[in-house]
Amino acid sequence: MTDTPVLDRGAAQRPTPKPGILDIAPYVPGKAKVDGVEHPLKLSANENILGSSPLAREAFASAIDQLHMYPEGRSNMLRAAIGEKYGLEPERLLFGCGSDEIFQLINQTFLEPGDNIVQGQYGFGAYAIGARACQAEVRFAPEKDYRIDVDELLKLVDGRTRAVFVANPGNPTGTWVGGAEIRRLHAALPPSVILVLDGAYAEFVDDPGFEDGAAMVREFDNVVMTRTFSKLHGLAALRVGWAYMPEEMAAAVDRIRLPFNVNIPAQLAAVAALGDDDFQARSLALVAQWRPWLAQQLGGLGLEAIPSAANFILVGFPKTPGRTAKEAEAFLASRGIIVRGVTGYGLPDHLRMTIGLEEHNRALVEALADFMKA
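Engineer: What exactly am I supposed to notice about the packing of aromatic side chains here?
Structural biologist: Here the distance between the centres and the angle between the planes together describe a pair of aromatic rings. This structure, assessed with the given rule, holds eleven aromatic pairs. Seen from their ring centres, Tyr-127 and Phe-165 are 4.8 Å apart, and the 20° between their planes marks the pair as stacked. Residue Tyr-127 is located in helix H4 (residues 125–133), and its partner Phe-165 is located in strand E5 (residues 161–167); the two are separated by 38 residues in the primary sequence. The exposure class assigned to Tyr-127 is buried, which follows from its relative accessible area of 0%. According to the relative accessible area criterion, Phe-165 is buried, its value standing at 1%. Among the aromatic side chains, those forming a connected cluster through ring pairs are Phe-103, Phe-124, Tyr-127 and Phe-165.

Engineer: Mind showing me how you'd approach the pattern of salt bridges here?
Structural biologist: For side chains of opposite charge, pairing can occur when their charged atoms come near one another. Following the criterion strictly, the structure yields 24 salt bridges and no others. Asp-115 is the partner of Arg-162 in a salt bridge, and the nearest nitrogen-oxygen pair spans 3.6 Å. One end of the pair, Arg-162, is in strand E5; the other, Asp-115, is in the loop between helix H3 (98–110) and strand E3 (116–120), and 47 residues separate them in sequence. On the basis of relative accessibility, which here comes to 22%, the residue Arg-162 falls in the partly exposed class. The partner of Arg-183 in a salt bridge is Glu-211, with the nearest N and O atoms 2.8 Å apart. Of this pair, Arg-183 sits in helix H6 (residues 179–188) while Glu-211 sits in the loop between strand E6 (194–198) and helix H7 (214–219), and the two are 28 residues apart along the sequence. By relative accessible area, Arg-183 is classed as partly exposed at 28%. Each member of the salt-bridge network shares a partner with another, and the members are Arg-74, Asp-254 and Arg-257.

Engineer: How do you make sense of the sheet that holds strand E4 (residues 137–141) when you look at a structure like this?
Structural biologist: Pairing between the strands of a sheet comes from backbone hydrogen bonds, and it takes one of two forms, parallel or antiparallel. Here seven strands make up an open sheet; going across it, the order is E2-E8-E7-E6-E5-E3-E4 and the pairing mixed. What marks the edges here is a single partner per strand, and that holds for strand E2 (93–97) and E4. Put simply, the sheet's adjacent strands are angled 20° from each other on average, direction ignored. In the packing of helix H2 (residues 76–86) onto the sheet, contacts are made with E2 and strand E8 (240–244), and the angle to E2 comes to roughly 125°.

Engineer: Whenever I open this one, the pairing of strand E7 (residues 223–228) confuses me. Can you help?
Structural biologist: Here is the key point about a regular strand: its side chains alternate between the two faces of the sheet. Counted residue by residue, E7 has six buried out of six residues, so it is predominantly covered. Across the two faces of E7 the burial is the same, with Val-223, Met-225 and Arg-227 and Val-224, Thr-226 and Thr-228 all buried. Pairing of E6 with E7 involves four bridges; the strand directions are parallel. Bridging from a neighbouring strand, Leu-197 pairs with Met-225 of E7. Handedness of the β-α-β unit built from E6, H7 and E7 comes out right-handed. Across four bridges, the pairing between E7 and E8 is antiparallel. Within E8, the residue paired with Met-225 across the bridge is Tyr-244.

Rules behind the numbers
- Residues numbered from 1 in each chain as written.
- Predicted model: local features only at pLDDT ≥ 70, side-chain atom pairs only at ≥ 80, totals over all residues.
- Heavy atoms only, no water.
- Phe/Tyr/Trp six-rings, centres within 6.5 Å; stacked < 30°, edge-to-face > 60°.
- Helix = DSSP H or I, 4+ residues; strand = E, 2+ residues; numbered from the N terminus.
- Buried < 20%, exposed > 50% of the residue type's maximum accessible area, 1.4 Å probe, protein only.
- Salt bridge = Lys/Arg side-chain N within 4 Å of Asp/Glu carboxyl O.
- Pairing = 2+ DSSP bridges.
- Axes fitted to C-alpha atoms, helices over the stretch in contact; angles between N-to-C directions.
- Contact = heavy atoms within 4.5 Å.
- Right-handed = clockwise from strand over helix to strand, strands pointing away.

Structure below.
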């Protein structure tokens, strides 16, 4: 009788992550709590300060008797609703657990070790995390004045580039580029390179020259437009994102999408949110009213308010001791106001601040005024 070999269970036999995984800096979300403050004012995550659509809340609650059931795998109810709302072909749509998952799926589908993606210097961290998990290189193009620079992006594109990611408006900068510049970028890309247009904040843009990318998806075989229900619709907790892309690309990416990735309550709430035009209008009106006011007030305090087309403002602080961004963040926290430090994005002298209700914005300005004169 042959003896069964005894496996060496020493440290050398432990599972080892593939190269590069442990070099990835994990995503660090903004703070949500302040020690000693029971109900702080959270202006750190660009959440909809009005909450969620009443219709979406009702739809979410109606799912209570379906919690034991798996969701329909391809989100066909939501697929039909988005197609009708925006006049998009349903077969070109892809759904994810937030648009973050869609970025990851695109990377997984098209990247091999040694390939690269290109993004702006201050691009959303999820792009790079997904690419590095595929053992691909991430190339960062400098952003003059915190704005995507088409020429700098193109300088980094080579034969191993598989995707260029552009958040428009950008996060955490809030800056944007017009449709003419996006089309100039696309025209200079090889047909094999995917241009991913992340429109998480696209609904907040009021620049008539802005282009969300839907028309480009119809025109070209290598453009993807993504959107989310987290910002305008106020469904951040439910994690619903979607993409509009060429049909063949959607079919390829969908093959590696995990089943049931958008749950039933999320789908029901998203469909209802799409139909609540009043809530969307109120959300947009609030930002349109208070974004310029807040920028003007911050400038009056001697701070740099970066021009924004999103529901937040990136604010630059002096390097002077006692007036730095880090000290301002701590001072605001002591007043029960949470804002977003963006050192992880290479912006140690800035803080990102979500547009709030009138009383929130005034409280923020008052606290910063006290900070600057302390």
